[in-house]
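The residues making up each chain are set out below.
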Amino acid sequence: MSVNLNQTNIGLDDPNFQTVFANLQGNILKGHGRDAARHVFFSLGSDEAANRRWIRQLAETVTSMSEQDRQHQAFKQQGKADHLFVNLMLSATGYRHLGVAQTQWPDDQAFLAGMKDVTQRYDTAPRGDHKPTVNPLNDDLSQWETPFTQTIDGMVIFALSGDPATVEQSLDHQVQALKQSLDGIGQIVVVQRGHVMRNDKQQVIEHFGFVDGVSNPKFLFSELNEEYRNGGYSQNDPSAPLSLVMVPDPGGDQSSFGTYVVYRKLQQNIKGFWQRADLLANTLSEKADRKVSPDFAGALCVGRFKDGTPISEQAGDGWTNLFNNFNFDQDADGLRCPFHAHVRKTNPRGDTVRQFNSPPTIERSRRIVRRGISFGDTELNPATEWTDAGLLFLSVQASIVDQFIFMQHTWCNNENFLRGDVGLDPLVGQLQPGQTPESQTWSTGWGSPTADKVSFSFSGFVRTKGGEYFFMPSLHFLKNLPA
Ligand code: HEM
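Definitions and cut-offs
- Residues numbered from 1 in each chain as written.
- Predicted model: local features only at pLDDT ≥ 70, side-chain atom pairs only at ≥ 80, totals over all residues.
- Heavy atoms only, no water.
- Helix = DSSP H or I, 4+ residues; strand = E, 2+ residues; numbered from the N terminus.
- Rg over C-alpha atoms; globule rule 2.2 N^0.38 Å.
- Buried < 20%, exposed > 50% of the residue type's maximum accessible area, 1.4 Å probe, protein only.
- Contact = heavy atoms within 4.5 Å.
- Areas by Shrake-Rupley, 256 points an atom, 1.4 Å probe, with all protein chains shown as cover.
- Lys, Arg positive; Asp, Glu negative; His and termini not counted.
- Charge placed at Lys NZ, Arg CZ, Asp CG, Glu CD.
- Near = heavy atom within 4 Å.
- Polar contact = N/O pair within 3.5 Å; in protein donor to acceptor, adjacent residues only side chain to side chain.
- Domains from an automatic or database assignment.
- Donors = N, O, S within 2.8 Å, 3.2 Å for Na, K, Ca; no water.
- Pairing = 2+ DSSP bridges.
- Buried area = accessible area lost by both parts, 1.4 Å probe.
- Nonpolar A, V, L, I, M, F, W, Y, C, P; charged D, E, K, R; others polar.
- Expected span 1.5 Å × (residues − 1).

Draft legend 1. The arrangement of the overall build of the chain in detail. Helix and strand content of the chain: 15 helices and 16 strands. Computed over the C-alpha atoms, the radius of gyration of the chain is 22 Å, within 12% of the 23 Å expected from 2.2 N^0.38 for a compact globule of 483 residues. Each principal axis of the C-alpha distribution contributes one length, and for the chain these read about 70 × 50 × 45 Å. The proportion of buried residues among the 483 residues of the chain is 56%. Sequence-distant contacts, at least 24 apart, represent 72% of the contacts inside the chain between residues at least 6 apart. When the accessible area of the chain is evaluated, it comes to approximately 20,000 Å², of which 47% is carbon and sulfur surface. When the 44 positive and 54 negative side-chain charges of the chain are each reduced to one mean point, those points stand 1 Å apart.

Listed below in C-alpha cells is the structure:
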C-alpha cells in the first residue's frame, strides 16, 4: 500500500491509514499526553541474536498510533488515563548491535554519526550555499554527564498519568522489569525521570515559568480542529504534511514508517535567568519613560509572556484563547518581538520569506515537533543557580540535519540571523566553548521606531548535559527481527 506523505488533516479513523497507524509508534503525530515519564537509555552486548530477541519481545509492549488513540478514547470516556504508554527507539550503534543488513538502517547523516561525534561535517547553510560545519550545535562534551558520554544503543519511554504516588511506583516497577529482562544481554546506562509541571490554570509550563508546548505542527484533523476553535488559522497555518516527521522505515514493509528523534538533556539556571531579566528590566527602565517589569524582559527573551501571550501582539499578558494565531507581518522590523526572541528564532513565521525572498515552504519544512518533558526540582524560585532542573528536550522530525540541526545552528546559535548583529537566542543559543557572545539590541519602547535602544548581553542560562540521535522504527521492523 503506498501512502502519500504530502497529506495533512488526517482522520485517525481514515481507512487508508489503518495499517500505517497500527504499525507506526505513538507520540509522533500526537503527544502521548501523560504527566510522568521514565526515559531508559540502554546498551546491548555482543550477542546479536540475543539482542534481536530482546528487542522483539519489547516490541510487543510498544504503543502504536492506533493503540494510543484507543487509549485516548477510553480516557475520554472513563476520565482517567491509567494506560502505560511505551516508545522504543534505537541509535546507530543500536542498529549495529542488532546485526541487521545496512540496507535496513535509516540513513540520516547525523543519526549515523551520533550526537557525540563533534568532528562530523554538516551542510547547514541556507539557500544552497554549501558550507559544511563541524560541531554545528557548539556542544561542549566536557559538560556532559558521564552516562551520556558512553555508548547508548537505544531508549525506552515509559509514560503514565494518574495519582502521583501510584504512577511513580508503577514507572519504577517498569524500569526494574526492563532491567531484569536485560540481564545477560545488555545494561541500563541511565534513567531520566520526567514530569509535567503546570501553572494555576493547569497549563503545562517549563522551569522559567512560561507556558510550553503551545505551538507545534499539527497533522491530525482532531488537533487542527482544536487549534481552529482556539483562534483560527488566519495569521498562522499550523498544519503540516506527514512528511515533516514520517519517513519510510528501510527495515519494514510498505506500510512501515518511522521518525528521527533528537534527545537533549537541557539544564536550566532559573535563578540566573530571572536575575538577568531583572537587570535587563532595570537597564530598559533607566532609558525608557516607564517602569519595565522583569516579566516584560522575560517575554522579550521568549517572544511570549508567561501565560503564552505573544509579545508581537500586545505589550502585556492576558491574550486569552488566541494562542497560536499570529505572525510577524505587523512587526517586520522586530520592534515588538525582537528578532532574537526564542519563538521568533525557532519559528520565524514568514521572516525568511520577507528577508531572503525564499519560498515559505522552505521555512515551514524546517519545523520540528516537540515532545519533551521537564525534569528535576519543581521549585520555580530556587535559592541557588543551576539547580537540578530543566527540560528533557525531545523532538521528532524527518531529517535531523535539515530540521533540528539547521534550527539550532543556523537560527538559534547564529548571531546574524535574521539580520546582522541580532545576536543569540537568549534561551538556547550557544557558541563554541570559550567564545564570547555579542550583546543583543533591546528596544525601550514596545513597537516604537523612535524608542531608544539598549545593548545588553543575555545568554548562557541553559546548558546541554547530554543527548543522542535515534530512529523510532515501525513496529513491523521491531517485531520481525530475524531469530
Ligand atoms: C530549556 C530549553 C528550552 C526552553 C525553556 C524552551 C522554552 C520554550 C517556550 C516557553 C516556548 C513557547 C511556547 C510554545 O510555543 O510552546 C518555546 C517554543 C519553541 N521552542 Fe523552545 N525551549 C527550549 C529549548 C528549545 C530548543 C533546544 C529548541 C530547538 C532548537 C526549541 C524549539 C522551539 C520551537 C520550535 C518552539 C515553537 C515556536 C513557535 O512555533 O512559535 N526549544 N520554547
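Let us keep going from here.
Draft legend 2. Region of the structure containing the site of the ligand. Not every one of the 26 residues close to the ligand is listed here, only the nearest: Val214, Ser215, His342, Arg349 and Arg370. Between the ligand and the protein, one listed contact pairs an oxygen atom with a side-chain N or O atom of Asn347 at 2.8 Å. At 2.7 Å from an oxygen atom of the ligand is found a side-chain nitrogen or oxygen belonging to Arg370. Counting contributing residues, the shell around the ligand receives three or more from each of domain 1 (15-265 + 467-479) and domain 2 (269-368 + 398-465).

Draft legend 3. Broad picture of unusual backbone geometry. Look at the link from Phe417 to Leu418: it is a cis peptide, with omega at 10°. Examined against the element boundaries, Leu418 turns out to sit in the loop between helix 14 (400-412) and strand 14 (440-443). Of note, the phi angle at Asn27 is positive, near 75°, even though the residue is not glycine. Structurally, Asn27 can be placed in the loop between helix 1 (18-23) and strand 1 (36-44).

Draft legend 4. Representation of the coordination of the iron atom of the ligand. Within the protein, just one atom coordinates the iron atom of the ligand: His342 (NE2), at a distance of 2.1 Å. Looking at the secondary structure, you find His342 in helix 11 (residues 342-346).

Draft legend 5. Structural detail: the pairing of strand 1. In terms of burial, strand 1 is a largely internal element, nine of the nine residues being buried. Of the two faces of strand 1, the one lined by Ala36, Arg38, Val40, Phe42 and Leu44 and the one lined by Ala37, His39, Phe41 and Ser43 are each fully buried. Relative to strand 5 (residues 154-160), strand 1 runs antiparallel, the two sharing seven bridges. In the strand pairing of strand 5, Phe42 is matched with Gly154. In this sheet, strand 6 (residues 186-195) lies alongside strand 1 in antiparallel orientation, the contact comprising nine bridges. Its bridge partner lying in strand 6, His39 is registered against Gln192.

Draft legend 6. Here's a closer look at the domain arrangement of the chain. Each assigned domain of the chain is listed here: domain 1 (15-265 + 467-479) and domain 2 (269-368 + 398-465). Computed over C-alpha atoms only, the centres of domain 1 and domain 2 are separated by 28 Å. Contacts between the two partners involve 57 residues from domain 1, matched on the other side by 48 residues from domain 2. Of all residues in domain 1, the largest losses of buried area upon contact with domain 2 belong to Asn138, Phe208 and Phe210, amounting jointly to 18% of the total for that side. Counting across the interface, domain 1 meets domain 2 through 29 residue pairs in polar contact (both at pLDDT 80 or more). Elements supplying a minimum of two residues to the side of domain 1 that touches domain 2: helix 5 (109-113), strand 3 (121-123), strand 4 (132-134), helix 8 (221-229) and strand 10 (257-268). The dominant element in the side of domain 1 that touches domain 2, judged by the number of residues it contributes, is strand 10, at five residues. In the side of domain 1 that touches domain 2, the residues fall into 27 nonpolar, 19 polar and eleven charged.

Draft legend 7. Structural detail: helix 2 (residues 48-59). Counted at 1.5 Å a residue, the expected span for helix 2 with its twelve residues is 16 Å, and the 16 Å between its end C-alpha atoms agrees. In this fold, the buried residues of helix 2 make contact with strand 1, strand 2 (85-90), helix 4 (92-98), strand 5, helix 7 (164-182) and helix 15 (475-479). Capping the start of helix 2 is the job of one residue whose side-chain oxygen sits 3.3 Å from the backbone nitrogen of Ala49: Asp47.

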